[in-house]
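What follows is each chain in one-letter form.
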Amino acid sequence: GAVVSQHPSRVICKSGTSVKIECRSLDFQATTMFWYRQFPKQSLMLMATSNEGSKATYEQGVEKDKFLINHASLTLSTLTVTSAHPEDSSFYICSAILAGTNTGELFFGEGSRLTVL
Amino acid sequence: AQSVTQLDSQVPVFEEAPVELRCNYSSSVSVYLFWYVQYPNQGLQLLLKYLSGSTLVKGINGFEAEFNKSQTSFHLRKPSVHISDTAEYFCAVSPTGNQFYFGTGTSLTVIP
């Protein structure tokens, strides 16, 4: 099946710094990628929808200037948490839809756990 | 608007016993239906999906689910669980194949 890879899987940073998380589709092209945030014992909260070559669409309540999303190619989307604070600590998961098909299936990355000290 | 309800937040079950995880949805249009499993500190893996056709869908690891249109349900079942099935399970619906709505998840704990 299709594989989505996230990097890094874990990152610890100091408050005020910026962190970039990469999401790659390894063996397929993904015109659309999604970024989710997951709090402990809770469901996935959709943050934004990322389309290749265009600006991301953010969900209500998600600060676009804080969570910068770039989808520069059909295989790579990045999420940058700018000026991170402890409340940004969370598990971030990306997912992708296989381009050119209508399988209606999301392929998920392994997730990235961000800890802001 | 679409919504997904997983009524059971936690389900403990003894090893080799059967299990059913419930999922109900509301939608004004036809939807695709999915079950995903999440192991600790990992992303989500697809267990099974219903797009069309037979309402009984078989997935990986011995799981199956049945789409019931009249009851707007898509309950997940397994006749005999293993310790390795301990995980978080998420039901999801998609009206278009491009937007996905997730339930709050059910934590399945298999007791030896």
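Residues numbered from 1 in each chain as written. Chains lettered and ligands numbered in written order. Predicted model: local features only at pLDDT ≥ 70, side-chain atom pairs only at ≥ 80, totals over all residues. Heavy atoms only, no water.

Caption draft 1: Up close: the confidence of the model for chain A. Mean pLDDT for chain A: 89, with 94% of residues reaching 70 or above. Here strand β10 (residues 106–108) of chain A stands out as the least confident element of chain A, with mean pLDDT 87; strand β8 (residues 76–81) of chain A is the most confident, with 96. (pLDDT = per-residue confidence, 0-100. Helix = DSSP H or I, 4+ residues; strand = E, 2+ residues; numbered from the N terminus.)

Caption draft 2: Structural view of the nonpolar core. Counting residues in each nonpolar core, the largest one holds 28 residues, and the members touching the most others are Leu33, Trp35, Leu47, Leu48, Phe74, Leu76 and Tyr89 of chain B. Those elements giving two or more residues to this core turn out to be β2 (10–14), β3 (19–21), β5 (32–38), β6 (44–50), β8 (64–68), β9 (73–78), β10 (87–94) and β12 (106–111) of chain B. For this core, the element with the most residues is β10 of chain B, which contributes four residues. Setting aside residues up to four positions removed in sequence, Leu76 of chain B forms contacts with Val19, Glu20, Leu21, Trp35, Leu47, Leu48, Phe63, Glu64, Ala65 and Tyr89 of chain B. By size, the runner-up hydrophobic cluster in this structure holds 25 residues, among which are Cys23, Met33, Ile69 and Tyr92 of chain A. (Core = buried A, V, L, I, M, F, W, Y, C linked by side-chain atoms within 4.5 Å. Buried < 20%, exposed > 50% of the residue type's maximum accessible area, 1.4 Å probe, protein only. Contact = heavy atoms within 4.5 Å.)

Caption draft 3: Highlighting the pattern of salt bridges. All names here are of chain B. This structure, assessed with the given rule, holds seven salt bridges over all chains. Measuring nitrogen to oxygen at the nearest pair gives 3.7 Å for the salt bridge that ties Arg77 to Glu66. Note that Arg77 is positioned in strand β9 and Glu66 in strand β8, a separation of 11 residues in sequence. Residue Arg77 is classed as partly exposed on the basis of its relative accessible area, which comes to 27%. In this structure, Asp85 and Lys78 form a salt bridge, with 2.8 Å as the shortest nitrogen-oxygen distance. Overlapping salt bridges bring together Glu20, Glu66 and Arg77 as one network. (Salt bridge = Lys/Arg side-chain N within 4 Å of Asp/Glu carboxyl O.)

Caption draft 4: Main features of the sheet that holds strand β3 (residues 19–25) of chain A. Residue and element names in this part refer to chain A. Pairing is antiparallel in the open sheet, where four strands are placed in the order β1-β3-β8-β7. Two strands bound the open sheet, and with one partner strand each, they are β1 (4–7) and β7 (67–73). Recorded for the sheet is a direction-independent mean angle of 15 degrees between the axes of neighbouring strands. Note that β1 and β3 share four bridges and pair antiparallel. In the strand pairing of β3, Val4 is matched with Ser25. (Pairing = 2+ DSSP bridges. Axes fitted to C-alpha atoms, helices over the stretch in contact; angles between N-to-C directions.)

Caption draft 5: Spatial organisation of the state of the cysteines. Residues and elements named next belong to chain A. One pass over the structure, following the stated rule, counts two disulfides over all chains. Disulfide pairing is shown between Cys23 and Cys94; the S-S distance is 2.0 Å. Between Cys23 and Cys94, the S-S torsion sits near 80 degrees, and that sign places the bridge as right-handed. Residue Cys23 is located in strand β3, and its partner Cys94 is located in strand β9 (residues 90–97); the two are separated by 71 residues in the primary sequence. (Disulfide = S-S within 2.5 Å.)

Caption draft 6: Inspection of the side chain of Thr49 of chain A at higher detail. Locating Thr49 of chain A in the fold gives a position in strand β5 (residues 44–51). Setting aside residues no more than four positions away along its own chain, Thr49 of chain A makes contact with Thr32, Met33, Phe34, Ala56 and Thr57 of chain A.

Caption draft 7: Representation of the packing of aromatic side chains. Residue and element names in this part refer to chain A. Under the defined criterion, the tally for this structure stands at 14 aromatic pairs over all chains. Considering the side-chain rings of Phe34 and Tyr36, the 6.4 Å spacing of their centres and the 40 degrees angle between planes classify their relative orientation as tilted. Tyr36 carries the same exposure label as Phe34, and that label is buried. Ring geometry for Phe67 against Tyr92: centres 6.3 Å apart, planes inclined by 45 degrees, an arrangement best described as tilted. On the criterion of sequence distance, the pair formed by Phe67 in strand β7 and Tyr92 in strand β9 is long-range, its members being 25 residues apart. The exposure class of Phe67 is buried, given its relative accessible area of 6%. (Phe/Tyr/Trp six-rings, centres within 6.5 Å; stacked < 30°, edge-to-face > 60°.)

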